[in-house]
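Reading the structure
Below are the chains, spelled out letter by letter.
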Amino acid sequence: EELLSHLRGEGVQDPLYKLVMTGAGQVASPEKWPEPLASRCGVLFWWCIPSSEANAAAGEPASARRTAAEQAVEESKLRAPPKRKRWAVKDIPEDALADAREHMLTAELPEGYFFDGNKYVHVDGYEQKDHPSLGSYLELLVSKHNADVQAWNAAVDEASLLLAQPPASLRR
């Protein structure tokens, strides 16, 4: 929720982050920014080329440097986390299944059943390895997981939209 509220621009007091980074770290930002950074958000790249390599760099097309800068910006963009998958009972991970079986050892048995220490036995004589109510407990577990997944995936969808188009308060 906190991340989504930031992505929505809620509570943002100064949407402009004036940050100047160099190879040696952050430096103080200028008092007056030149255009186009004075009127809109953006990223500015510059290259420092040793004089010994200046002649070789002069032959390098500007489009190659622009492509490198665009790639660096694209790679640094915040991305939404991946969506999570819904479960069916057959998809429950082994560790969660083992926890469910252990939990069911303390659950009340339905009428007509007893546990002999190894298996569940019905008074009519048939036996089973798992607690008679394990299936309904697993359905409940899947239902809770899927509700959590649905909420997570809705937040991921909203974050994806917000990351693709920042809120008006962050646009110039």
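Located above this text is the structure these notes cover.
Here we summarise the structure given alongside this text. Predicted model only: the values in this text are computed from it and were never measured.

Moving on, we get to helix α5 (residues 134-164). Along its 31 residues, α5 runs 44 Å from first to last C-alpha, staying within 8% of the 45 Å computed at 1.5 Å per residue. Looking only at α5, the buried set comprises L134, L138, V142, H145, N146, V149, N153, V156, A159 and L162.

As for its position among the elements, H131 is in the loop between β5 (127-128) and α5. Classification of H131 by relative accessible area gives buried; the value is 3%. A polar contact of 3.4 Å, which involves the side chain of H131, links it to the backbone oxygen of E108. Beyond its immediate chain neighbours, meaning those up to four positions away, H131 contacts M104, A107, E108, L109, P110 and Y120.

Take the packing of aromatic side chains next. Evaluation of the coordinates by the stated rule reveals one aromatic pair. The ring of W152 carries the charged tip of R84 above its face, separated from the ring centre by 3.6 Å.

Turning next to the sheet that holds β5. Within a sheet, each strand pairs with its neighbour through backbone hydrogen bonds, oriented either parallel or antiparallel. Strands sit in the order β3-β4-β5 across an open sheet of three strands; the sheet is antiparallel. Of all strands in the sheet, those bounded by a partner on one side alone are β3 (113-115) and β5. Where β3 meets strand β4 (residues 120-122), three bridges bridge the pair, whose relative direction is antiparallel. Bridging across to β4, F115 finds its partner in Y120.

With that settled, the discussion passes to the pattern of salt bridges. Counting across every chain of the model gives six salt bridges. K119 is the partner of D116 in a salt bridge, and the nearest nitrogen-oxygen pair spans 3.1 Å. On the accessibility criterion, D116 (37% relative accessible area) is partly exposed. With a shortest N-O distance of 3.1 Å, K144 and D148 are connected by a salt bridge. Here D148 and K144 lie together in helix α5, a separation of four residues that amounts to about one turn. Since its relative accessible area comes to 53%, K144 is described here as exposed.

About the cut-offs
- Residues numbered from 1 in each chain as written.
- Predicted model: local features only at pLDDT ≥ 70, side-chain atom pairs only at ≥ 80, totals over all residues.
- Heavy atoms only, no water.
- Helix = DSSP H or I, 4+ residues; strand = E, 2+ residues; numbered from the N terminus.
- Expected span 1.5 Å × (residues − 1).
- Buried < 20%, exposed > 50% of the residue type's maximum accessible area, 1.4 Å probe, protein only.
- Polar contact = N/O pair within 3.5 Å; in protein donor to acceptor, adjacent residues only side chain to side chain.
- Contact = heavy atoms within 4.5 Å.
- Phe/Tyr/Trp six-rings, centres within 6.5 Å; stacked < 30°, edge-to-face > 60°.
- Lys NZ or Arg CZ within 6 Å of the ring centre and 35° of its normal.
- Pairing = 2+ DSSP bridges.
- Salt bridge = Lys/Arg side-chain N within 4 Å of Asp/Glu carboxyl O.

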